[in-house]
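Coordinates in review
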Amino acid sequence: MAESKEEVDVLVQRVVKDISSAFKRHPNIDEIGLIQCPEARYNRSPIVLVENKLGVESWCVKFLLPYVHNKLLLYRQRKHWLDREALVDITCTLLLLNPDFTTAWNVRKELLQCGALNPERDLYLSKLALTKFPKSPETWIHRRWVLQHILDQFSSVAQMTEQPVESEHPDAERTLLLSNHLNRLIHQEMKVCSDAACRYPSNYNAWSHRIWVLQHMAKGNIKVFHDELSSVHPWVSMHVSDHSGFHYCQFLLKELITEFSQSSSSASTIFGSSQHWTSTVPSSSHLANGERSLDYSPSGERFATVLQLFYQETELCSDLIQTFPGHETLWSHSCTGEDCSLCPWTQMEYGEPLHGHRVEPS
């Protein structure tokens, strides 16, 4: 093993280069981790790549981390010059080992702003860092910064589309490309958040990021919110003690109810067609008192939609409470779901609380 300073420098430079080469040769690496190996047993690189999993033998971390850390600090203090490629490699190595080092993320922000770094590449790096450090706050913060940077670029392109200038693609095609790119980003973020939540219980940072994505990238898109509510139910059913997941359900319910209260046509959009809508939402005959007719009225449809959402949430909680008795998280979520303050507009519009009605499945 290397002992002198010169030998250590040669060693870590080779390791940094090996990590960079690994990403170039295998662009589909999807997980990183430490391989417990107190000492170097063989005269080979400590970087191990098996089936898209990148591992670093632990014995080299005590040499590698201080080296890249000091190199970056000297660069920030203008005591040492590094070209852009070296900065990318050093910050990549540093953040894979210590993703909460803010200075490294800030350097990558500067590289991204000057065009030396692709935003997608930074999203990829932060996703890998989260496979080893799923709760890293600095990684989630940087990920939101990159996403906001991409959204700003989308806005600039959209403004250019409105101007009567010649372009390679027609305006409609460009708008479609942007829409598809945005949908892909949203799907990617949901996957990253879900994986991080599975790796670390009650991962508040991951669920907060998931909420931020919907608030900034899918605002007003009822279908996305409804699909999220449907997709998160299996997850919370397998993590009945994770309050963060149920809090996310409450957020989705509030947002959906707000959207329904603002648009009379929301109910038909959520399910894609009026035929499917009428077959899935309970009719007025399913109400306990049978006095109010909800058919043929936009406000009635919205009210029925809210009842359906609450019914599904209540049924889920009831089933889980029966299957897993004694979990405080389930009771807390059940009480929140039944709280009529979650949708005050129903009381204002109909003059009585939501509790006055009982909905049965259609």
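The structure reproduced in this document is the subject of the present report. Please read these numbers as outputs of a predicted model, since none were measured by experiment.

Attention now goes to helix α3 (residues 84–97). Compared with an ideal rise of 1.5 Å per residue, which puts 14 residues at 20 Å, α3 spans 20 Å between its outermost C-alpha atoms and is within 8% of the ideal. Most of α3 sits out of view: 11 of its 14 residues are buried. Among the residues of α3, Leu87, Val88, Asp89, Ile90, Thr91, Cys92, Thr93, Leu94, Leu95, Leu96 and Leu97 are the ones counted as buried. Where the residues of α3 are buried, they touch α1 (5–25), β1 (31–35), α2 (61–76), α4 (102–113) and α5 (119–132).

Moving on, we get to the packing of α4 against α5. For the pair α4 and α5, the least separation of the axes is 10 Å and the interaxial angle reads 160°. When the axis of α4 is compared with that of α5, the two are roughly antiparallel. For the element pair α4 and α5, the recorded crossing hand is right-handed. Together, Trp105, Arg108 and Leu112 of α4 and Pro119, Asp122, Leu125 and Ser126 of α5 make up the contact between the two elements.

Let us look at the pattern of salt bridges. Overall, the coordinates contain 14 salt bridges when judged by the stated rule. Among the ionic pairs, glutamate 57 bridges to arginine 44, the shortest N-O distance being 3.6 Å. Of this pair, glutamate 57 sits in strand β3 (residues 53–57) while arginine 44 is found in the loop between β1 and β2 (47–50), placing the two residues 13 residues apart along the sequence. Classification of glutamate 57 as buried rests on a relative accessible area of 8%. Owing to a relative accessible area of 45%, arginine 44 belongs among the partly exposed residues under this scheme. With a closest N to O distance of 2.5 Å, aspartate 122 and arginine 108 form a salt bridge.

Let us look at the sheet that holds β1. Spatial ordering of the open sheet is given by β1-β3-β2, a layout of 3 strands whose pairing is mixed. Because the sheet does not close on itself, it has two edges, and the strands there are β1 and β2. Strand-to-strand twist of the sheet, defined as the mean angle between neighbouring strand axes without regard to direction, takes the value 25°. Pairing of β2 with β3, which is carried by 4 bridges, proceeds in the antiparallel orientation. The partner of valine 50 across the bridge, within β3, is lysine 53.

The rules behind these values
- Residues numbered from 1 in each chain as written.
- Predicted model: local features only at pLDDT ≥ 70, side-chain atom pairs only at ≥ 80, totals over all residues.
- Heavy atoms only, no water.
- Helix = DSSP H or I, 4+ residues; strand = E, 2+ residues; numbered from the N terminus.
- Expected span 1.5 Å × (residues − 1).
- Buried < 20%, exposed > 50% of the residue type's maximum accessible area, 1.4 Å probe, protein only.
- Contact = heavy atoms within 4.5 Å.
- Axes fitted to C-alpha atoms, helices over the stretch in contact; angles between N-to-C directions.
- Parallel < 35°, antiparallel > 145°, perpendicular 65-115°, else oblique.
- Left-handed = near helix turned anticlockwise from the far one by under 90°.
- Salt bridge = Lys/Arg side-chain N within 4 Å of Asp/Glu carboxyl O.
- Pairing = 2+ DSSP bridges.

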